[in-house]
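Summary of structural features
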Amino acid sequence: MLHPNPQIGEKHAEDIRRSIRLAHRLGQTRVVTMSGLPGGEPGATVPNWIVNAWNSAALDVLDYQRGIAASFWKEIDQLARELEVKVALELHPQNLVFNIADVRRLIEVTGATHVGVELDASHLFWQQMDPVAVVRELGPLVFQAAAKDVRINPGNAALYGVLDDSFRRLSPEENRTNLDGDEWANEWPRKSAWDFVALGRGHDTAYWTEFLRALHDVDPDMLVNIEHEDISLGRIEGLEVAAKVLRDADAALRESLASTAV
């Protein structure tokens, strides 16, 4: 929604506004999206993700992008507040807001009351962040959560690091996914440093129990949706694997809470 090409950016921005209005009409209170990513300077035609702002020019770019984001999210927060809908941002890299510092900065500059976080653990795992610690740090700013796991492939990660950029451009003749306009998803690295996997294939049930515990401490009615992107499993099979781990983790949490109450 912050894409510098207005034919792309404004279309997605309007999708968010329409989603908030629709959620209100349906009696729903959450809309999940991402923060968006502007271009790096006036006149830019593509988004610019600053990975490591070690030089002053990179901070200049971030200052410019944060100004654009602040204006947009102030508007969205006002709409969400009027319609009593909370907007949960997934902390997804290649977006402007992808870690705790970014979240707090956005909330501070916008004064937002109805913009917070959708805690998708997977994108934190591959950044070497601990989703449980992030939930406890953000507390009530976590509005919703997603259950998706990541498996680090140690041999490849040791050689390429988690910021590996060896993606392959797919040709028009190949089966590829359009991202809007003339932008397309690339092929995942063949020797990947990490992969999205079903719950339990990267972190065990004990870990997910603690993840649910942290969410429960924030909001006992927190919604946790399964997000399936494990390409080694079919659509139904992946959901079944993830659901079993999540149910087992929930049962373990409930048993733990019951014993503590006694």
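Residues numbered from 1 in each chain as written. Predicted model: local features only at pLDDT ≥ 70, side-chain atom pairs only at ≥ 80, totals over all residues. Heavy atoms only, no water.

**Some details on empty space enclosed by the protein**
Applying the stated criterion to the full structure yields two cavities of 30 Å³ or more. Volume-wise, the largest cavity comes out at about 80 Å³. Elements that contribute at least two residues to the lining of the largest cavity include exactly α2 (56-82) and α3 (100-110). Counting residues per element, the lining of the largest cavity draws most heavily on α3, which supplies four residues. In terms of lining residues, the second largest cavity is bounded by Ala-147, Lys-148, Asp-149, Val-197, Ala-198, Leu-199, Ile-226, Glu-227, His-228, Glu-229, Gly-238 and Ala-242. (1 Å grid on protein atoms, 1.4 Å probe; cavity = no way out; pocket = protein on both sides within 12 Å on 5 of 7 lines; lining within 4 Å. Points joined across faces, edges and corners; volume = space filled by probe spheres on them. Helix = DSSP H or I, 4+ residues; strand = E, 2+ residues; numbered from the N terminus.)

**Looking at the layout of surface pockets**
Computed from the structure, the second largest pocket encloses a volume of approximately 320 Å³. As for the second largest pocket, its lining consists of Leu-212, Leu-215, His-216, Asp-219, Pro-220, Met-222, Val-224, Leu-246, Asp-250, Leu-253, Arg-254 and Leu-257. If you list the elements that add at least two residues to the lining of the second largest pocket, you get α7 (205-218) and α8 (235-261). A per-class count over the lining of the second largest pocket returns eight nonpolar, one polar and three charged. (Nonpolar A, V, L, I, M, F, W, Y, C, P; charged D, E, K, R; others polar.)

**Things to note about the packing of α3 against helix α5 (residues 131-138)**
Between α3 and α5, whose axes approach to 11 Å, the crossing angle comes to 20°. Comparing the axis directions of α3 and α5 gives the class roughly parallel. Between α3 and α5 the crossing geometry is right-handed. Note on element contacts: α5 touches α3 through Val-134, Glu-137 and Leu-138, opposite Ile-100, Val-103 and Arg-104. A class-by-class count of the residues in the contact of α3 with α5 yields four nonpolar, no polar and two charged. (Axes fitted to C-alpha atoms, helices over the stretch in contact; angles between N-to-C directions. Parallel < 35°, antiparallel > 145°, perpendicular 65-115°, else oblique. Left-handed = near helix turned anticlockwise from the far one by under 90°. Contact = heavy atoms within 4.5 Å.)

**Some details on the sheet that holds strand β2 (residues 86-90)**
The strand order across the open sheet built from five strands is β1-β2-β3-β4-β9, with neighbouring strands paired in parallel fashion. Of all the strands in the sheet, just β1 (30-33) and β9 (224-226) have a single pairing partner and so form its edges. Pairwise comparison of adjacent strand axes, ignoring direction, gives a mean angle of 30° for this sheet. Of the strand pairs in this sheet, strand β3 (residues 115-120) and strand β4 (residues 142-147) are connected by four bridges, and their pairing is parallel. Bridge pairing in β4 places Glu-118 opposite Gln-144. Sheet contacts for α5: β3 and β4; angle to β3, the most-contacted strand, approximately 160°. (Pairing = 2+ DSSP bridges.)

**What about the side chain of Ser-192?**
Tracing the chain through its elements places Ser-192 in the loop between β7 (183-184) and β8 (194-197). Among the residues examined, Ser-192 registers a relative accessible area of 6% and is labelled buried. Discounting residues that sit within four places of it in the chain, Ser-192 has contacts with Asn-153 and Asn-156. (Buried < 20%, exposed > 50% of the residue type's maximum accessible area, 1.4 Å probe, protein only.)

**What about the packing of helix α1 (residues 6-26) against α2?**
Where α1 meets α2, the closest approach of the two axes is 10 Å, and the angle between their N-to-C directions is 15°. As far as their axial angle goes, α2 and α1 are roughly parallel. Of the two possible hands of crossing, α1 and α2 adopt the one that is right-handed. Contact with α1, carried on its side by Ala-13, Ile-16, Arg-17 and Ile-20, involves Phe-72, Trp-73, Glu-75, Ile-76, Leu-79 and Ala-80 of α2 and no other residues of that element.

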